[in-house]
Structures are given as structure tokens and as C-alpha cells.
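# Coordinate analysis (summary)
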Amino acid sequence: MDTILGVLALDCPADYNQLQVLGTKVSSILQHPTVLGELEEFVFLIDQLKAKLERGDYVDSADLISLRPYCRQDPEEHLLRKLRELLGRFDMEVAIRCVDKLGQPSRLRLRAREDGLIGGDDMEIKPVVLIVDDAPSNIQLLAGLLNSSYQIKVANGGLRCLELAEAEPSPDLILLDIQMPDMDGYEVCQRLKQSDNTKDIPVIFVTGKDQVEEEELGLSIGAVDYITKPYSPAIVEARIATHITLKQQSDALRNLAMRDQLTGLYNRHFLINVAEKRISQAHRHRQPLCLIMIDVDHFKAVNDQHGHSVGDDVLREVARIFVEQSRNEDVVARFGGEEFVFLLDACDLEAGVNKAEKVRQILEDTRVQGLAITASFGLAQLAHGEDFLGLLNRADEAVYEAKSKGRNRVEVAEEAPV
Ligand SMILES: [Mg+2]
């Protein structure tokens, strides 16, 4: 590129030799237009591979075939062989370092991550099965069996299993070996069952330990099934499919229980549950937290004048606007009737006011079911030692204040009494 700009900059070539050198460079670039593209492609493949390894996705040597054309010269071929060996052993940590080395020669980094090329799009939505075993051949056997029906993640020890179980996407099932050097399967299972994030993931022990007492122990600490080796592949597949179905059904039920049926937002029950946890976290980490209570203005008149079905449509539309305006970590709930609550983590008063004001403005500017709909907002920031009820009450009083001052406005709550 510099060369081309150089040629263009030479309005009046003073030196014929200089021009000739530039000309040769330009033609060589034009003759090899793919070099840059190939480099980008290679860096992209490397980034993708690294992301997969970090997520604990199952990667077998077939995944390396696409890299081969780019690694014809040493030292890359040597590294590629090494990488294949590491993947065969499921030694992921070292494999990641090896991928880093492989990608090093090029300075050019594709912004694949920012562009969203890695992550979401390339993954089908299949149930996620995490296979945990210290013996690579066992992982390979199970992964080979399940690879076509599930998204497979692998861990070669107990600690890595705990790490991957907490990470997104959360596994729908864990196949857990018992005898492992870093932490045995019983302990891994107990720890999974102790954490709120992982306690609902079904665990199946897959093990050579075939004593009745061992199976009893496994089931007593919360595993849903116990498969002894050697196993029949067809039976393993069938049992896994059964437990995945059960897990999906219970997820669906749990989801139903925490949602408001009309709007699809979280319901009051879920809000109270999650708010208590978020509030104790905020106190513990000394992080700000805000709650916004929102009451749709003159909603009774909408129902009276246009009927309840229009009223319902208005609430659904308002809820959609609220969701659009929220971050992933925000909790947006329908508190009841035409009342809504935003629970904002890591959000101080100033950010909370900005947020409330922005949402209020968008609502004012949007015709909802052809009607001009507005709402009154009450905002409170969590005070030292305050509980959910205290916070909620102050936000609620601020809503009254907003109503009495003419509606369609944001009011900040009085400070909490010390
Ligand atoms: Mg083992």
C-alpha cells in the first residue's frame, strides 16, 4: 500500500530509477493479490481455534487440517505436529500456548472477535455435553459417539470440569469419570451440587468402578445415573438422550415459573429472589446498585376506553421497549399490573438517572398501539446496609412523587433514613 501511495505521490518523477523500482514493487503486489488474504484467513483460523480451546470445545485433529496449507515451512509444521499431539492428550493449557506460538509470526490481527465472527454464529444450538476424564482414549471414545448430536466440551481433570461447568454455554449434562489425579469425581460432583450455578446440571458417572456401594455413593451425592465400563454405546446414547430431555423439560418449567405470562419479562417472584442475591453481592463488593420503579401513566383509562386486549398489547409493547433498553445483566420485571422494575447492577445514581431519563424519553417518543403512552419513574440507589424491601419502598415513594408532580417524569428517592 505504501508503495502504491508512493507512486501516486510522485507528481513529477525526478529519478527514473526510483520510478522503475517502485513499478517493480507494484507489479509484484498485483501479481500476488492473495498473500494478504491468506494471511488474514490464517490468523482467523488461529483465533477461532484458540477460542474453541479456551471454551473447552472438543477439537480433534481433523480441525487442524484447514491449518496445514498455511504451515508448510518449519517451524510451523513442527508446531502443528506438536499441537496435534497435545490435543490427542487433551492437554488444553499447553495446546493454547502452542496455538499462540503458531499465530505469532504474523503481526496482523483480524478483528474477528469484535466483528462477531467467532462465538455465536458458528455454533449450532445443540445441547452441550461436558466429558470429563483423565484418560484421553476415554474422552475420544465418548466424544466420537456423541459428537454428531451434541456440542461437546472436554475436560481432562476435575478442576477444569468445575471451571467449564461455570462458564457459558452451561453444560446440559456432565459425563464424569471417578478416578482422576487432581480431584476425584465424587468431590467434583459434590462441588457442582453446592454451587447455585451448576447444581441443576445432571451428572452421570462413567466409570470402571463397578461395586454396588460405589454406585450407591455416586447416586447419593446427586448423580442422576451411573454407567460402568465397558458399556454398550447404544445404551449410553439412549441414557444420555433421556437425561438431556429431562433437563430441557425442567429448564422449560423453571423458565415458565420465573416469567410473567403476558409480557415474557421476569415476574415478581423471580425479582424478589434475584434481588436479594444481587443486593447482598452489592453490599459485599461495595458496588453501587439502583432500582427503578416504573408505573405506566393513566393506564386505567387505556383499559376503560380501548378495552383490555388493547391494554394488554400496550403492556407487551412497553415491556419490549424496556428489554431493548436494558443490558444483559439488568433484571427487568413486571411487578404487577402496569408496574415494572429495573434492577441495575454496578450502576450508580448518575447512571441510573440517565438510564431512567432515556427510557422515559423513548417511551414518550414512541406511539404504542397508536396511543401516546408515558410512564412515571422512581429511582433509588441502594443505601448502606439496606435490604430489598427498603430499596423498593423508596423507589415506590419516588414514583408517587413523580405522579403528583404531573407524571411522565423521573424522580429520585429520598435518601434512606440512617
Ligand atoms: Mg480416570
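Keep in mind that what you see is a predicted model, and the values were worked out from it rather than measured.

With that out of the way, let us pick up the overall build of the protein chain. Each helix and strand counted, the protein chain has 15 helices and twelve strands in total. Among the 418 residues that make up the protein chain, the fraction classed as buried is 31%. Counting only contacts in the protein chain whose residues sit at least 6 apart along the sequence, the fraction spanning at least 24 positions is 61%.

Let's shift gears to the confidence of the model for the protein chain. Counting all residues, the mean pLDDT for the protein chain is 86, and 85% of those residues have values of 70 or more. Ranking the elements of the protein chain by mean pLDDT puts helix α1 (residues 2-9) last with 45 and strand β11 (residues 375-381) first with 98. pLDDT under 50 marks residues 1-14. Its contacts with residues more than four places away, or in other chains, come to eleven contacts. In the predicted structure, residues 106-123 sits below a pLDDT of 50 and forms 22 contacts with residues beyond four places in sequence or in another chain.

Of all five residues in strand β1 (residues 128-132), five are buried; the element is thus mostly enclosed. Here β1 shows a buried face lined by V128, L130 and V132 and a second buried face lined by V129 and I131. Bridge analysis of β1 against strand β2 (residues 151-155) gives five bridges, and the strand direction is parallel. Within β2, the residue paired with V129 across the bridge is I152. In this fold, β1 hands off to helix α6 (residues 136-146), which returns the chain to β2; that crossover is right-handed.

On the basis of which strands lie adjacent, the open sheet formed by five strands has the order β7-β8-β6-β11-β12 and mixed pairing. Two strands in the sheet have a free side with no partner beyond their single neighbour: β7 (331-336) and β12 (410-412). Between one strand axis and the next, the sheet turns by 20 degrees as a mean value, whatever way the strands run. Relative to β11, strand β6 (residues 289-296) is paired through seven bridges, and the arrangement is antiparallel. Across the sheet, residue I294 finds its bridge partner in β11, namely F377. Where helix α15 (residues 388-404) meets the sheet, its contacts fall on β6, β11 and β12, and the angle it forms with β11 comes to roughly 145 degrees.

This paragraph deals with the environment of I139. Inspection of the secondary structure assignment puts I139 in helix α6. A count of 23 C-beta atoms within 10 Å places I139 in the buried class. Linking I139 and A155, residues 16 residues apart in sequence, is a C-alpha distance of 8.6 Å. Ignoring anything within four residues of it in the chain, the contact list for I139 reads F90, I131, D133 and V154.

Turning next to the sheet that holds β1. With respect to topology, five strands assemble into an open sheet ordered β2-β1-β3-β4-β5, the strand pairing being parallel. Strand pairing shows two members of the sheet lacking a second neighbour, β2 and β5 (225-228), which therefore form its edges. Averaged over neighbouring strand pairs, the angle between their axes works out to 20 degrees when direction is ignored. Sheet topology places strand β3 (residues 173-176) next to strand β4 (residues 203-207); three bridges connect them, and they run parallel. Its bridge partner lying in β4, I174 is registered against V203.

This part is about α6. Within the span of α6, buried status applies to I139, L142, A143 and L146. For α6, the buried positions fall inside an angular range of 100 degrees around the axis, keeping them on one side.

How two helices sit against one another is set out by the angle between their axes and by the gap between those axes. Helix α13 (residues 308-324) packs onto helix α12 (residues 299-306) with a crossing angle of 140 degrees between their chain directions and a minimal axis gap of 7 Å. Taken as axis vectors, α12 and α13 run oblique relative to one another. Packed against α12, whose contacting residues are F299, V302, N303 and H306, the element α13 presents H308, V310, G311 and V314 at the interface.

On to the nonpolar core, then. If you look at soluble globular proteins, the nonpolar side chains tend to sit buried side by side. Ranked by internal contacts, the top residues of the largest apolar core, which has 47 residues, are V129, L130, I131, I174, L175 and L176. Two domains each donate at least three residues to this core, and these are domain 2 (34-103) and domain 3 (124-258). Counting 46 residues, the second-largest nonpolar core is a separate cluster that includes A275, A333, F342 and A375.

About the thresholds
Residues numbered from 1 in each chain as written. Predicted model: local features only at pLDDT ≥ 70, side-chain atom pairs only at ≥ 80, totals over all residues. Helix = DSSP H or I, 4+ residues; strand = E, 2+ residues; numbered from the N terminus. Buried ≥ 20, exposed ≤ 12 C-beta atoms within 10 Å, placed from the backbone. Contact = placed C-beta atoms within 7 Å. pLDDT = per-residue confidence, 0-100. Pairing = 2+ DSSP bridges. Right-handed = clockwise from strand over helix to strand, strands pointing away. Axes fitted to C-alpha atoms, helices over the stretch in contact; angles between N-to-C directions. Arc of directions from axis to C-beta. Parallel < 35°, antiparallel > 145°, perpendicular 65-115°, else oblique. Core = buried A, V, L, I, M, F, W, Y, C linked by C-beta atoms within 7 Å. Domains from an automatic or database assignment.

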